[in-house]
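# Topology and contacts: notes
One letter stands for each residue in the lines below.
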2 protein chains.
Amino acid sequence: MPNGGWERVIQKLEVSSLTEKQLAKTIDHAVLKPSSTEVEIREGCSIALKYKVAAICVNPCYVRLCADILKNSEVKVDAVIGFPLGANAPVMKKAEAQRAVEDGAAELDMVLNVGALKEGDYKYVREEIQQVVEAGRGALVKVILETCYLNEHEKIEACKLAEEAGAHYVKTSTGFGPEGAKVEDIKLMYRTVGPRLGVKASGGIRGLSDALAMIEAGATRLGTSATQTIMEDWVSRNYK
Amino acid sequence: MPNGGWERVIQKLEVSSLTEKQLAKTIDHAVLKPSSTEVEIREGCSIALKYKVAAICVNPCYVRLCADILKNSEVKVDAVIGFPLGANAPVMKKAEAQRAVEDGAAELDMVLNVGALKEGDYKYVREEIQQVVEAGRGALVKVILETCYLNEHEKIEACKLAEEAGAHYVKTSTGFGPEGAKVEDIKLMYRTVGPRLGVKASGGIRGLSDALAMIEAGATRLGTSATQTIMEDWVSRNYK
């Protein structure tokens, strides 16, 4: 597969004809709590393998462990970068991305610099994303906008900057801000850069109905820790 | 002054005889929101200078700006490291500390690896703190426990590990977790490592009564964004 093995599924999915396999492949199973232990990360990998999701999304200190566990599977390791505040020095985000890829990450979810975006320093925001894309050497890069802090104009500009910088996805939220993904934001992001870039919905996706609403709006990836609930709800809805 | 210019005030302060100057010197004025712009950082520096607090506590991307603004003052720049999740790769916390000091930080507030602590990997936790202390080259290092995730045993062990690793302060919270500083935690931390190490209370300190309760319990630093409220309450209480 090109580009480090990630699949570029960014065309809108049809909810009416969605398959179980497609649903699973929208999910980045998130295990991001600061208190997550190695035991919990291993459990997360088991869930990711069981349901054959797209990736497991973890903090950088667990990338190598996950890469070891998942090495003979289709499940990718997705590392968060500059997470969750996005207010690190650009050189550190770049170094963190580089390190994560060396440790085995095939995907990188980076938080853009929200403060710089809000004050209109687009050059700063764009160049920082570019550096992470370059450091990723082919890894799939998703740019987290942290939409809860942005107005509509800022959301649109952020999507454009992500595209100009060569990123592959825009993503709504870290899950650590005051609010998560909203259907309206997914629609706006898809209208702005889809399907050239993919759209990932994350934060507050707790069940199948949330998941389907996001897919309907244009999301092709979902960041969630409710993978089991979503997949079991799917099975019981379709096969009962 | 030794150790990069920070004052080692770690003996318990007497609330009954506390002066305005002493109170101000307990405060690390925090401007840590991901959405903080340069304008807001400059305002934060003005507040820090006006009240002559100990330090301004900022995300790494703003360390250089603050160091420029505060270069002819007594107010230190305090950079957060591995913030707020503490789940970065150790090598990245070290590099981030190094970079922050190069940018002008005299103090470093690092988040320990909560997951590693909880699973009892004390060697990992200790060595990571040691690396940040070394990278700090004399900077005052405060270790954030993120107490809201820890039981009493874990809090005690974390304090001991911070001391063994050569850190100078233990600190309760990032302000981004589900709970902030509690008087009982300050007492426990002071009993465990005070006054050899200082204790910093942070998260949820919104006024003078919170501040004094923490000082009474053994805190000699307070992380707060309510600096103006606290200092104005002090003045109106003492000089009205």
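What counts, and at which threshold
Residues numbered from 1 in each chain as written. Chains lettered and ligands numbered in written order. Predicted model: local features only at pLDDT ≥ 70, side-chain atom pairs only at ≥ 80, totals over all residues. Heavy atoms only, no water. Helix = DSSP H or I, 4+ residues; strand = E, 2+ residues; numbered from the N terminus. Rg over C-alpha atoms; globule rule 2.2 N^0.38 Å. Buried < 20%, exposed > 50% of the residue type's maximum accessible area, 1.4 Å probe, protein only. Areas by Shrake-Rupley, 256 points an atom, 1.4 Å probe, with all protein chains shown as cover. Lys, Arg positive; Asp, Glu negative; His and termini not counted. Charge placed at Lys NZ, Arg CZ, Asp CG, Glu CD. Phe/Tyr/Trp six-rings, centres within 6.5 Å; stacked < 30°, edge-to-face > 60°. Lys NZ or Arg CZ within 6 Å of the ring centre and 35° of its normal. Patch = residues over 30% accessible without salt bridge, like charges linked within 9 Å, V, L, I, M, F, W, Y side chains within 5 Å. Salt bridge = Lys/Arg side-chain N within 4 Å of Asp/Glu carboxyl O.

## Topic: the overall build of chain A
Counting its secondary structure elements, chain A contains ten helices and eight strands. For a compact globule of 240 residues, the expected C-alpha radius of gyration is about 18 Å, and chain A comes in at 16 Å, within 12% of that figure. Each principal axis of the C-alpha atoms in chain A carries an extent, and together these give about 55 × 35 × 35 Å. Burial statistics for chain A: of 240 residues in total, 61% are counted as buried. Accessible area for chain A stands at about 9500 Å²; split by element, carbon and sulfur atoms hold 47% of it. Each charge class in chain A was averaged separately, 31 positive and 33 negative side chains, and the resulting centres sit 3 Å apart.

## A short note on the packing of aromatic side chains
Summed over all chains, the structure comprises two aromatic pairs over all chains. Taking the centre distance of 5.6 Å and the plane angle of 90° together, the rings of A:Phe83 and A:Phe176 count as edge-to-face. With a gap of 93 residues between them, A:Phe83 in the loop between strand E3 (76-81) and helix H4 (90-103) and A:Phe176 in the loop between strand E6 (169-171) and helix H8 (183-193) connect regions that are remote in the sequence. A cation sits over an aromatic face here: A:Lys12 above A:Tyr190, 5.2 Å from the ring centre. Over the ring of B:Tyr169 we find B:Arg221; its NZ or CZ atom is 5.7 Å from the centre of that ring.

## Comments concerning a negative patch on the surface
Side chains of A:Glu40, A:Glu43, B:Glu119 and B:Asp121 sit close together on the surface and give a patch of like negative charge. Position of A:Glu40 relative to the elements: it lies in helix H2 (residues 38-51). Residue A:Glu40 is classed as partly exposed on the basis of its relative accessible area of 36%.

## Observations regarding the pattern of salt bridges
Proximity of charged atoms lets side chains of opposite charge pair with each other. With the rule as written, the count across this model stands at 45 salt bridges over all chains. Here A:Lys200 makes a salt bridge to A:Asp109, at a shortest N to O gap of 2.7 Å. One end of the pair, A:Lys200, is in strand E7 (residues 198-202); the other, A:Asp109, is in strand E4 (residues 107-111), with 91 residues separating them in the sequence. Looking at A:Lys200, the relative accessible area reads 1%, which means it is buried. The partner of B:Lys93 in a salt bridge is B:Glu128, with the nearest N and O atoms 2.7 Å apart. Highlighted residues: B:Lys93 in helix H4 (residues 90-103) and B:Glu128 in helix H6 (residues 122-136), separated in sequence by 35 residues. The residues B:Lys93 and B:Glu128 share a single accessibility class, namely buried.

Read these as geometric descriptors, not functional statements.
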